[in-house]
Amino acid sequence: MRIVTVLGTRPQLIKEAALQPVLRLRHDEFVIDTGQHYDDALAGAFFGELGLAPPDLSLGLGGGGHSDQTGRMLIALEPILVERRPDIVLVIGDTNSTLAGALAAVKLKVPVAHVEAGLRAHDLGIPEEVNRLVADHLSHWLFAPTPTAVGNLGREGIAEGVHLVGDLMRDLAAQIAPAVCDPGPALHAAGRALAQAGAADVAGMLRPGGYLFATIHRASNREREAMLAWATILTTASRERPLILALHPGTRAALADEGVTLGPNVHVVEPLGYRTSLTLQLHAAAVLTDSGGVQRESAWLGTPCLLLRPNTEWVEALEGAGGTIVCVGLDVDRVSVELARLAPVGGSEALAAERARSLDLAPDGAAEAIGTVLA
Ligand code: UD1
Ligand code: UDP
């Protein structure tokens, strides 16, 4: 099949890294990078690190408001799809690039394959919820990562074309995790990466179970009240051990615009490479995040994870983690209670060592399943 894949953000590049080698065994793939993410640390660096082929076309369409960005992508995609005449347009996840790819294809009567179909937080205030709803209802093939996602689609009257294939992110995590299990070399390499990114002081803080790791980037967490709340959470959590915050540049800019500050033991670093991110999650005392990908990775690695959101579309990750992932929203008291329960100071070192020693992460085989269905 002639497939045009439309992507543009960090998590899409990470998922594509699991999908691409398998997809290209059977199909002719042409990748369009919308450029929604354009900073090297959020986009370009992943091509080299994860062995992705360079995009066949880069549109450079990042920035701007949601409709503006999506509109520019639609305008740019139409003539390209007309010229290339693919059999399938493949979109991943729930970003504005996903929405634009699906809409542009459907308007040209090109069937759409949606990877990560069926996820719902049941909250239309989340921009991603709108994107995935539209993409799902326009798609011919719906590749669901979880049984809950299949059920969500069924409740919306979508049964045809739905395939439960598992999670591409799990496949990649299962590939890389064995190489970062040994805390000595793994944290040494992570330290080198941090030093190269200008955070040599933070590199010295990496002791297994001795630090907290955090990421924040959701649109709702860039609003002033939310930023004040999570800044208090991170500052409070960091009183007893250093907290490393790998911060999305959009969140960093929002913090600066609103003059919101973080405590001295919150160490803000640039977005990190995939392997460094996985390493820092595995060997942390606990992870604090609003990321869809990071919460799942923490669940698979067994690292305690506090979800700085009121809800999640990744129901199985939460349930399967046996209580080590908790949706705490932006409640500072709950964070303190859960951290004391899941990652007690003085006890986290032994927990982290045992977790790394016993890690055995099986892949889902999502890429193979997708490639087979499309063939
Ligand atoms: C997007 C996705 C979100 C996904 C996240 C992954 C949408 C609606 N959101 O959120 O689902 O979880 O990517 O990280 O598609 N910016 C930079 N450098 C960049 C990219 C963005 O500084 O390379 C800044 C810009 O000011 C931009 C803001 O971040 O306006 C938001 O970027 P955008 O791509 O719209 O959304 P994300 O928050 O990255
Ligand atoms: N990630 C990364 N570097 C970082 C933070 C996260 O490589 O500094 C990885 C993380 O390990 C996961 C993915 O990015 O694989 C999650 O993407 P993101 O949080 O941007 O988006 P979401 O999953 O919320 O859509």
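Quick caveat: nothing in here was measured; it's all calculated off a predicted structure.

Cut-offs used in this document
- Residues numbered from 1 in each chain as written.
- Chains lettered and ligands numbered in written order.
- Predicted model: local features only at pLDDT ≥ 70, side-chain atom pairs only at ≥ 80, totals over all residues.
- Heavy atoms only, no water.
- Helix = DSSP H or I, 4+ residues; strand = E, 2+ residues; numbered from the N terminus.
- Rg over C-alpha atoms; globule rule 2.2 N^0.38 Å.
- Buried < 20%, exposed > 50% of the residue type's maximum accessible area, 1.4 Å probe, protein only.
- Contact = heavy atoms within 4.5 Å.
- Areas by Shrake-Rupley, 256 points an atom, 1.4 Å probe, with all protein chains shown as cover.
- Lys, Arg positive; Asp, Glu negative; His and termini not counted.
- Charge placed at Lys NZ, Arg CZ, Asp CG, Glu CD.
- Pairing = 2+ DSSP bridges.
- Right-handed = clockwise from strand over helix to strand, strands pointing away.
- 1 Å grid on protein atoms, 1.4 Å probe; cavity = no way out; pocket = protein on both sides within 12 Å on 5 of 7 lines; lining within 4 Å.
- Points joined across faces, edges and corners; volume = space filled by probe spheres on them.
- Nonpolar A, V, L, I, M, F, W, Y, C, P; charged D, E, K, R; others polar.
- Near = heavy atom within 4 Å.
- Polar contact = N/O pair within 3.5 Å; in protein donor to acceptor, adjacent residues only side chain to side chain.
- Salt bridge = Lys/Arg side-chain N within 4 Å of Asp/Glu carboxyl O.
- Sits in = over half its atoms within 2 Å of the grid points.

Caption draft 1: Up close: the overall build of the protein chain. Across its full length, the protein chain carries 17 helices and 13 strands. Its C-alpha atoms give the protein chain a radius of gyration of 20 Å, within 12% of the compact-globule value 21 Å for 375 residues. Each principal axis of the C-alpha atoms in the protein chain carries an extent, and together these give about 60 × 45 × 40 Å. Within the protein chain, buried positions represent 56% of all 375 residues. Of the contacts formed within the protein chain by residues at least 6 apart in sequence, a portion of 68% connects residues at least 24 apart. A total accessible area of about 14,700 Å² is found for the protein chain, and carbon and sulfur atoms account for 54% of it. Of note, the protein chain has its 29 positive side-chain charges centred 1 Å away from the centre of its 43 negative side-chain charges.

Caption draft 2: Structural detail: the pairing of strand 4 (residues 88-92). Counting buried residues in strand 4 gives 5 out of 5 residues, a clear majority hidden from the surface. Side chains Ile88, Leu90 and Ile92 project from strand 4 onto one buried face, and the interleaved Val89 and Val91 project onto a second face that is buried too. Two elements, strand 1 (residues 2-7) and strand 4, share 4 bridges in a ladder whose sense is parallel. What sits directly across from Val6, in strand 4, is Val91. Pairing of strand 4 with strand 5 (residues 112-115) involves 4 bridges; the strand directions are parallel. What sits directly across from Leu90, in strand 5, is Ala113. Handedness of the β-α-β unit built from strand 4, helix 4 (residues 96-107) and strand 5 comes out right-handed.

Caption draft 3: Representation of the layout of surface pockets in the model. If you add up the space inside the largest pocket, you get close to 1,100 Å³. Lining of the largest pocket is provided by 50 residues; of these, Thr9, His37, His217, Arg222 and His248 occupy positions nearest its centre. Of all the elements in the fold, those that place two or more residues in the lining of the largest pocket are helix 1 (10-26), helix 3 (66-84), helix 5 (127-138), strand 8 (212-215), helix 11 (249-258), helix 12 (274-282) and helix 13 (292-301). Residues of the lining of the largest pocket, tallied by class, amount to 16 nonpolar, 22 polar and 12 charged. Estimates place the volume of the second largest pocket at around 390 Å³. For the lining of the second largest pocket, the elements supplying multiple residues, two or more each, are helix 2 (44-50), helix 8 (183-196) and helix 12. The element best represented in the lining of the second largest pocket is helix 8, accounting for 7 residues.

Caption draft 4: Structural detail: the site of ligand 1. Residues in contact with ligand 1 amount to 19 residues; listed here are only the nearest, Gln36, His37, Asp39, Glu128 and His248. Within the side chain of His37, a nitrogen or oxygen atom sits 2.6 Å from an oxygen atom of ligand 1. His217 places a side-chain nitrogen or oxygen 2.9 Å from an oxygen atom of ligand 1. Coverage of ligand 1 by the protein amounts to 85% of the 740 Å² it exposes when considered alone.

Caption draft 5: Region of the structure containing the pattern of salt bridges. In the structure shown here, the tally under the stated rule is 17 salt bridges. In this structure, Arg120 engages Asp136 in a salt bridge whose closest nitrogen and oxygen atoms are separated by 2.9 Å. Of this pair, Arg120 sits in the loop between strand 5 and helix 5 while Asp136 sits in helix 5, and the two are 16 residues apart along the sequence. Residue Arg120 is classed as buried on the basis of its relative accessible area of 3%. Owing to a relative accessible area of 1%, Asp136 belongs among the buried residues under this scheme. Between Arg170 and Asp364 there is a salt bridge, with its nearest N and O atoms 3.7 Å apart. Taken together, the residues Arg170 in helix 7 (residues 168-176) and Asp364 in the loop between helix 16 (348-358) and helix 17 (366-374) connect sequence positions 194 residues apart. In the salt-bridge network here, residues are joined through shared partners; they are Asp94, Glu129, Arg132, Arg309 and Glu313.

Caption draft 6: The arrangement of the site of ligand 2 in detail. Leu272, Ser277, Ser291, Gly293 and Glu297 are the nearest of the 20 residues found near ligand 2. Contact distances for ligand 2 include 2.9 Å between an oxygen atom and a side-chain N or O atom of Arg10. At a separation of 2.5 Å, an oxygen atom of ligand 2 approaches a polar side-chain atom of Glu297. Considered on its own, ligand 2 offers 540 Å² of accessible surface; in the complex 96% of this is hidden by protein. Placement of ligand 2 is best described as lying within the largest pocket. Counting residues per element, the ones that place at least two in the shell around ligand 2 are helix 1, helix 12 and helix 13. Of all the elements, helix 13 adds the most residues to the shell around ligand 2, at 4 residues.

Caption draft 7: Broad picture of empty space enclosed by the protein. Taken as a whole and judged by the stated rule, the model has 1 cavity of 30 Å³ or more. Reported here for the largest cavity is a volume of approximately 30 Å³. Split into classes, the residues belonging to the lining of the largest cavity amount to 8 nonpolar, 1 polar and 2 charged.

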